[in-house]
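Chain residues, written in single-letter form:
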Amino acid sequence: MTETLTIGKALNLGLRKAMEDDGKVVLMGEDIGKLGGVFRITDGLQKDFGEARVVDTPLAEAGILGTAVGLAMRGYRPVCEIQFDGFVYPAYNQIVTQVAKIHARSRGRMPMPIVIRIPFGGGIGAVEHHSESPEAYFAHTAGLKVVAVSTPADAYWGIQQAIASPDPVVFFEPKRRYWEKGEVDPDGSPDPLFGSRVVRGGDDVTVLAYGPMVKTALQAADAAAEEGRSLEVVDLRTLSPLDLDPVYESVRRTGRCVVVHEAPVTLGLGAEIAARVTENCFHSLEAPVLRVGGYDTPYPPSKLEEDYLPDLDRVLDAVDRAMGF
Amino acid sequence: MTALQQKTTEVVDPVPGAGAPHLPGQPDLVQLLTPEGERVEHPDYGIDVSDEELRGLYRDLALVRRWDVEATALQRQGELGIWASLLGQEAAQVGAGRALADGDMAFPTYREHGVAWTRGVDPLHVMSLFRGVDQGGWDPVAHDFNLYTVVIGAQTLHATGYAMGVQRDGAESAVLAFLGDGATSQGEVNEAMIWASSFAAPVVFFCQNNQYAISAPIERQSRVPLYQRAAGFGFPGVRVDGNDVLAVLSVTRAALAAAREGSGPTFIEAFTYRMGAHTTSDDPTRYRLASELEEWKLRDPIARLKAHLSRAGIADADFFTGVDAEGDELAARIRKGTLEMPDPAGTEMFDHVYAEQTPELARQREEFVAYHASFEGEQ
Ligand SMILES: Cc1ncc(C[n+]2csc(CCOP(=O)(O)OP(=O)(O)O)c2C)c(N)n1
Ligand SMILES: [Mg+2]
């Protein structure tokens, strides 16, 4: 039966389902138990599953990830919540040097089924370190899988799929969209986690986005339609591995491609995607692949975040430029 | 039994049998002013303050609280993005801040508005951070007061490195590193204490144990009283009543003096309580009982100094009325200044990323300007 849920609530229900299905699933993080997490994503779970399965950790991210590695070695499936994107760095050493490499080093004998949940991105008027988009750091690291959800249905299914995955998954949640609603059918069947999806058909320009920017891209498509332009929007969903076959198919039709993300453009996901699209669709391209993203500056104070973040107008501006070639 | 002692018997051990009871009896707690405002002696820590200074401390506490109350109100009215209240921690912060000498450097977290005050930072320069205008408007060098650090614990290493610099310079000053109880769990904080110890750096770690790290009670971070951790790193630790401005001043002065004299670091645990929410985004009713707050209200840092000043005839009703009036003026100035704060120009985000603008960033800035100019004249 289909339900209308927010992304936050869908994550909560997905986590609950995963914990019911597998007694080895353990949630760990700062303030996730009694408080239910600062975004309430784990609300009520400690009450129902107990303190051993929903662990309020000491204030130490290296500890969260480092002990998750040990728990995983012992057969548990840790799901780690990092409170905000900017606070993952104390754990970065463990993630990059250990979590990412242990499967390969042990020649497959020691899987690392760890999920690292990170609320990411800006637009919530926060102070420093609460609005960042660090996905490229992780996508650049072999051994990690990286996904970003954009809808309640993907949140509900995606978190369960990530937990079931034998590989470590960095699971990016679009924090400013936690309260957005959508339909979820818990009896339905999910799309694969590591696949992209065309979310709106169109002929003129292919617009790629993930996480919080999917909504922005769709809004841009609506606005463009009023001007008689037809945008095809692809929700990338998986950032590592990338699933670009549907993108190539689309770009071969449209001949134009714009990639949108909040992260700075330089060496962001858009750079890799532009390179691959160029390699694979060179003869179909009518314009260079354009990127819309954050500037190469530290994330600014919140009074300036609207200037920093890509919005509908900046997407349309890139669409114009792509059409102008 | 003091109220603080009572608290110790009520602490419930969340993991039965694991380690020592969290809070021992309180003979170790340095206190010079009881919660009732009675002046008591301590064998190791005296205090030499004039009546003038005592009135000054009261004024600091009262004004800092008035600022804090105004800031919380401004956040509620949508004028600040968020506010991290210091309510209940005024004595810990003012006592520590007033212990600093000229040339001493302080490294705050994000809650040390009381220390900012003692360092002469204009409250509006703190407000601009929480309004989202900048990352803190004050000059950290001019005020010997570093910018706020939001990433838990990072500043303790900076303070230690700064102290190593002071040491190399042969300067006679000390460094005060602020941290919370939750921060003590961070690896970096433990590294800071190892470095400070190893090099006998002139740094004092000032930990405000306000009993919570957001929702996590102190028991989640430590099975032993925090000040006892210092021994393991090889330097002295002392627990002071963080709601007693005189005791904090005395203990911090002594630790800073020891650091200046080359005796190396000290860890001070200021035992206090976060009377408000973690920040204005937090809802403490989800994780703590209202009765706990009621209990701590009896140990209010300002009320006890007021009681002492009145009883000892150091300040009269006119003085207190005067401070209240000054507080209202301060609050009005802060409100007006906050409301009138101009929004920053968008181009500011491109400034100061590097000592010299890179060509790519200069290009992005130009593109930004041209893009925004393209909307001019549009509705
Ligand atoms: C590295 C890092 N992890 C998580 C956070 C989120 N966070 C902000 S304040 C806080 C609790 C800090 O507690 P404590 O050190 O006791 O200081 P207090 O807030 O009580 O003054 C947390 C977890 C952060 N700022 N930095
Ligand atoms: Mg604390």
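Residues numbered from 1 in each chain as written. Chains lettered and ligands numbered in written order. Predicted model: local features only at pLDDT ≥ 70, side-chain atom pairs only at ≥ 80, totals over all residues. Heavy atoms only, no water.

Hey, could you go over the overall build of chain A for me, with residue numbers and the actual values?
Counting its regular elements, chain A contains twelve helices and 14 strands. In terms of overall dimensions, chain A is globule-like: its C-alpha atoms have a radius of gyration of 19 Å, near the 20 Å expected for 325 residues. Within chain A, the fraction of its 325 residues that count as buried is 58%. Restricting to contacts in chain A with at least 6 residues of sequence separation, those with at least 24 account for 82%. As displayed, chain A has an accessible area near 12,300 Å², and 51% of this comes from carbon and sulfur atoms. Both charge centroids of chain A, one from 33 positive and one from 46 negative side chains, sit 6 Å from each other. (Helix = DSSP H or I, 4+ residues; strand = E, 2+ residues; numbered from the N terminus. Rg over C-alpha atoms; globule rule 2.2 N^0.38 Å. Buried < 20%, exposed > 50% of the residue type's maximum accessible area, 1.4 Å probe, protein only. Contact = heavy atoms within 4.5 Å. Areas by Shrake-Rupley, 256 points an atom, 1.4 Å probe, with all protein chains shown as cover. Lys, Arg positive; Asp, Glu negative; His and termini not counted. Charge placed at Lys NZ, Arg CZ, Asp CG, Glu CD.)

Outline the sheet that holds strand β2 (residues 25–29) of chain A, listing residues and values.
Residue and element names in this part refer to chain A. The strand order across the open sheet formed by seven strands is β3-β2-β4-β5-β7-β6-β12, and the pairing between neighbours is mixed. Because the sheet does not close on itself, it has two edges, and the strands there are β3 (54–56) and β12 (238–240). Looking at each pair of strands side by side, their axes are set apart by 20 degrees on average, direction ignored. Pairing geometry for strand β4 (residues 77–81) and strand β5 (residues 115–120), over three bridges, is parallel. When the sheet's bridge partners are listed, V79 is paired in β5 with V115. (Pairing = 2+ DSSP bridges. Axes fitted to C-alpha atoms, helices over the stretch in contact; angles between N-to-C directions.)

Describe the domain arrangement of chain B, with residues and values.
One can read the domain layout of chain B as domain 1 (19–339) and domain 2 (345–379). With centres defined by C-alpha atoms, the gap from domain 1 of chain B to domain 2 of chain B works out at 40 Å. (Domains from an automatic or database assignment.)

How would you explain helix α12 (residues 317–340) of chain B if you had to name every residue and give the values?
All names here are of chain B. When the terminal C-alpha atoms of α12 are compared, their 35 Å separation across 24 residues agrees well with the 34 Å that a helix rising 1.5 Å per residue should span. Among all positions of α12, only F319, F320, V323, G327, L330, A331, I334, G337 and T338 are buried. The secondary structure elements touched by the buried residues of α12 are α2 (51–76), α4 (113–118), α5 (123–131) and α11 (301–311). (Expected span 1.5 Å × (residues − 1).)

Explain the packing of helix α1 (residues 7–21) of chain A against helix α7 (residues 152–164) of chain A residue by residue, including any values.
All names here are of chain A. Between α1 and α7, whose axes approach to 8 Å, the crossing angle comes to 30 degrees. In terms of their interaxial angle, α1 and α7 are classed as roughly parallel. Seen along the crossing, α1 lies across α7 with a hand that is right-handed. On α7, the residues that touch I7, A10, L11, L13, G14, L15, K17, A18 and D21 of α1 are P152, A155, Y156, I159, Q160 and I163. Residues that form the contact of α1 with α7 fall into these classes: eleven nonpolar, two polar and two charged. (Parallel < 35°, antiparallel > 145°, perpendicular 65-115°, else oblique. Left-handed = near helix turned anticlockwise from the far one by under 90°. Nonpolar A, V, L, I, M, F, W, Y, C, P; charged D, E, K, R; others polar.)

Please give an account of the pairing of strand β6 (residues 145–148) of chain A that cites residues and values.
Residue and element names in this part refer to chain A. Pairing between β6 and strand β7 (residues 169–174): four bridges, direction parallel. Within β7, the position partnered with A148 by the bridge is F172. At this point the chain moves from β6, through α7, to the parallel β7, and the crossover so formed is right-handed. For β6 and β12, the ladder comprises two bridges, and the chain directions are antiparallel. (Right-handed = clockwise from strand over helix to strand, strands pointing away.)

Summarise a negative patch on the surface; cite the residues concerned and give the values.
A grouping of A:E306, A:D311, A:D313 and B:E378 is seen on the molecular surface, where their side chains present a negatively charged patch. With respect to the element layout, A:D311 can be found in the loop between α11 (305–308) and α12 (312–324). The exposure class of A:D311 is partly exposed, given its relative accessible area of 31%. (Patch = residues over 30% accessible without salt bridge, like charges linked within 9 Å, V, L, I, M, F, W, Y side chains within 5 Å. Salt bridge = Lys/Arg side-chain N within 4 Å of Asp/Glu carboxyl O.)

Break down the domain arrangement of chain A for me, citing the residues and quoting the values.
Residues and elements named next belong to chain A. Each assigned domain of chain A is listed here: domain 1 (3–184) and domain 2 (197–324). One C-alpha centre belongs to domain 1, the other to domain 2, and the line joining them spans 26 Å. Buried surface at the junction of domain 1 and domain 2, both sides included, amounts to about 1,900 Å², of which 50% is carbon and sulfur. Between domain 1 and domain 2 we count four salt bridges in total. The shortest N-O distance in the salt bridge between D154 and R197 comes to 2.7 Å. There are 16 residue pairs in polar contact (both at pLDDT 80 or more) connecting domain 1 and domain 2. For the side of domain 1 that touches domain 2, the elements supplying multiple residues, two or more each, are α6 (135–139) and β6. Broken down by element, the residue count for the side of domain 1 that touches domain 2 peaks at four residues, all from β6. The residue makeup of the side of domain 1 that touches domain 2, split by class, is eleven nonpolar, seven polar and six charged. (Buried area = accessible area lost by both parts, 1.4 Å probe. Polar contact = N/O pair within 3.5 Å; in protein donor to acceptor, adjacent residues only side chain to side chain.)

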